[in-house]
Amino acid sequence: MNKDIEKILVTEEELAEITKKLGEQITRDYAEKKLLIVGVLKGSIYFLTDLSRHIDLPCQIDFIQASSYGSSTVSSGVIKITKDIAEDLTGFDVLLVEDILDTGKTLKHIHDMLIKRNPESIAVITLLDKPSRREADIHADYVGVDVPNAFVVGYGLDYDQFYRNLPYIGILKEEVYKK
């Protein structure tokens, strides 16, 4: 375990089981649909990669990147789209893939922006859900696991762009980010 991690919340083995179970559910739910998986960068990259390997359907993958944190542990509330998707959404059933649903402000912004582009549907899948912090009116259609109100890193989630490469989800020690 990394010295900056206080506690492991979700192990590598649990992550593998979560992505398998969710991928199988999406395969059932999106059979006969034109699926476009849209990953919210950068945090969703590991989750999207592993999840998509368990989706046994033809699908397309694209990415969108939004930022509201900078180098902080708290969202600034100002959401900036830094990379938009390339696809025309008409006719697609869009699955937005998020690493963590926290306040929901960024995901709500992205969802509302994409719904105006004429998709057949938009659903949200999040690896981690932190419902105790929700401020925006948005929910996930698929959830890997609920997590407590703690600052978590690993498996794509970061603090100041570090810790994404940890193979598990852990709680970051406060002394790391409260300097």
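In this text, all values refer to a predicted model and were calculated from it rather than measured experimentally. (Residues numbered from 1 in each chain as written. Predicted model: local features only at pLDDT ≥ 70, side-chain atom pairs only at ≥ 80, totals over all residues. Heavy atoms only, no water.)

Tallying each qualifying case throughout the model produces 4 aromatic pairs. Where Phe-151 meets Tyr-159, the ring centres are 6.0 Å apart and the plane angle is 90 degrees; that geometry is what we call edge-to-face. Since its relative accessible area comes to 16%, Phe-151 is described here as buried. Between Phe-151 and Tyr-177, the ring centres sit 5.3 Å apart and the planes meet at 45 degrees, which makes this aromatic pair tilted. In this pair, Phe-151 is assigned in the loop between strand S7 (142-146) and strand S8 (152-153) and Tyr-177 in helix H4 (residues 174-177), connecting sequence segments 26 residues apart. In this structure Tyr-177 comes out as buried when scored by relative accessible area, which is 18%. Each residue in the set Phe-151, Tyr-159 and Tyr-177 is aromatic and connected to the rest through ring pairs, giving one cluster. (Phe/Tyr/Trp six-rings, centres within 6.5 Å; stacked < 30°, edge-to-face > 60°. Buried < 20%, exposed > 50% of the residue type's maximum accessible area, 1.4 Å probe, protein only. Helix = DSSP H or I, 4+ residues; strand = E, 2+ residues; numbered from the N terminus.)

Taking 1.5 Å per residue, 18 residues should reach 26 Å; helix H1 (residues 12-29) reaches 26 Å between its end C-alpha atoms and fits that length. Turning to H1, its buried residues number three or more, namely Leu-15, Ile-18, Thr-19, Leu-22, Gly-23, Ile-26 and Thr-27. One face of H1 carries all of its buried residues, which in axial projection span an arc of 160 degrees. Of the residues in H1, the exposed ones pointing more than 90 degrees away from the buried face are Glu-13 and Arg-28. (Expected span 1.5 Å × (residues − 1). Arc of directions from axis to C-beta.)

Here the focus is the sheet that holds S7. The sheet built from 6 strands is open, its strands ordered S4-S3-S2-S5-S6-S7 with mixed pairing. Each edge of the sheet is formed by a strand with only one pairing partner; in this case those strands are strand S4 (80-83) and S7. Here the strands of the sheet are splayed against their neighbours by 25 degrees on average, with no regard to which way each runs. Those strands touched by H1 are strand S2 (35-41), strand S5 (93-101), strand S6 (121-129) and S7, and its axis lies near 160 degrees from that of S7. (Pairing = 2+ DSSP bridges. Axes fitted to C-alpha atoms, helices over the stretch in contact; angles between N-to-C directions. Contact = heavy atoms within 4.5 Å.)

With that settled, the discussion passes to the pattern of salt bridges. If you walk through the whole model with that rule in mind, you get 12 salt bridges. For Arg-53, the salt bridge identified is with Asp-50, shortest N-O distance 3.2 Å. With a closest N to O distance of 2.7 Å, Asp-84 and Arg-117 form a salt bridge. Here Asp-84, found in the loop between S4 and S5, pairs with Arg-117, found in the loop between helix H3 (105-115) and S6; they are 33 residues apart in sequence, far enough to count as distant. With a relative accessible area of 33%, Asp-84 lands in the partly exposed category. In the salt-bridge network here, residues are joined through shared partners; they are Asp-102, Lys-130 and Arg-133. (Salt bridge = Lys/Arg side-chain N within 4 Å of Asp/Glu carboxyl O.)

The values are spatial; any link to function lies outside them.
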